[in-house]
Amino acid sequence: MEKRELLYEGKAKRVFLTDDPNIVIQEFKDDATAFNGEKKGTIIGKGVVNNKISCKLFEMLETKGIPTHLIKFIDDRNMLIKKVEIVKLEVIIRNIAAGSFSKRYGVEEGTVFDSPTFEFSYKEDALGDPLINKYHALAMKIATKEELKTIKKYAFKINEILKDYFIERNVILVDFKLEFGRTNTGEIVLADEISPDTCRFWDKDTKEKLDKDRFRKNLGNIEEAYTEMLKRLS
Ligand code: UDP
């Protein structure tokens, strides 16, 4: 299927139309941003790694009963996906305290939770993706009660699947962000990406960071960390 007009360009990806109105192509760039776009940079080869990892994880999740937007892997930087309307929520699950959780609640990074946490942010760059709860989401008509229930059910199930999947590869899944979309038939499916840009991954033995925190915190060896994650999944 061929790329037609550019439909949307975001910070790390572009979406192109195709001849089929229900199918689009998601292209992964090497551009990186952090802190709501304040920090900008390039991580060479990131787009390829994130596309490959996302395709692999979406395929694996589909086999375990999670519907996703993925149709198929096209090439290094492109995946063929169902055109969806993105639900304007960032869904975050955490197994271990880090990042904004540690900052917000004063909980030391690395504190392991007895059970995972679940939170929503309102996906709106101009507002800096503020934290909201289910009642805010309903009041703002971001999603229906039914949709929120489905999203929550999928998010916890995805966490259980991914935790096991990564630990077998000597990687701890610290936390991650998911996005969901509505297909043309109104079905809720997992969308966007799952990659070192959207998850925190720590090496099980050394606790070395293998994700975008290397870019956020200027830790060096950024490209190497992304490549290492791809290697562990291959
Ligand atoms: N995350 C993301 N996009 C965002 C915000 C967070 O992919 O706009 C991911 C982030 O990589 C981490 C998890 O969600 O794996 C939790 O991030 P957190 O809320 O701690 O925010 P951060 O510290 O990244 O600002």
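Everything here concerns the structure above.
Below is a short write-up of the structure. Only a predicted model underlies this, so the values are computations on that prediction, with no experimental measurement involved. (Residues numbered from 1 in each chain as written. Predicted model: local features only at pLDDT ≥ 70, side-chain atom pairs only at ≥ 80, totals over all residues. Heavy atoms only, no water.)

For the ligand, the set of nearby residues contains 15 residues, the closest of which are R94, S100, D175, R200 and R216. Here an oxygen atom of the ligand sits 2.9 Å away from a polar atom, N or O, in the side chain of R216. About the coverage of the ligand: the protein hides 78% of its 510 Å² of free accessible area. Elements represented by at least two residues in the shell around the ligand include exactly β9 (89-96), α2 (99-105), β12 (171-182) and β14 (199-203). Among the residues forming the shell around the ligand, the class breakdown is 4 nonpolar, 3 polar and 8 charged. (Near = heavy atom within 4 Å. Polar contact = N/O pair within 3.5 Å; in protein donor to acceptor, adjacent residues only side chain to side chain. Areas by Shrake-Rupley, 256 points an atom, 1.4 Å probe, with all protein chains shown as cover. Helix = DSSP H or I, 4+ residues; strand = E, 2+ residues; numbered from the N terminus. Nonpolar A, V, L, I, M, F, W, Y, C, P; charged D, E, K, R; others polar.)

Next up on the list: the environment of T206. Tracing the backbone through its elements, the reader meets T206 in the loop between β14 and α5 (213-216). Residue T206 is classed as exposed on the basis of its relative accessible area, which comes to 54%. Spatially, the C-alpha atoms of T206 and F73 are 32 Å apart, while their sequence positions differ by 133 residues. (Buried < 20%, exposed > 50% of the residue type's maximum accessible area, 1.4 Å probe, protein only.)

Attention now goes to unusual backbone geometry. With a phi close to 45 degrees, D129 is a non-glycine residue in the positive phi region. Within the secondary structure layout, D129 lies in the loop between β10 (112-122) and β11 (131-132). Although it is not a glycine, N221 adopts a positive phi angle of roughly 45 degrees. With respect to the helices and strands, the residue N221 is situated in the loop between α5 and α6 (222-233).

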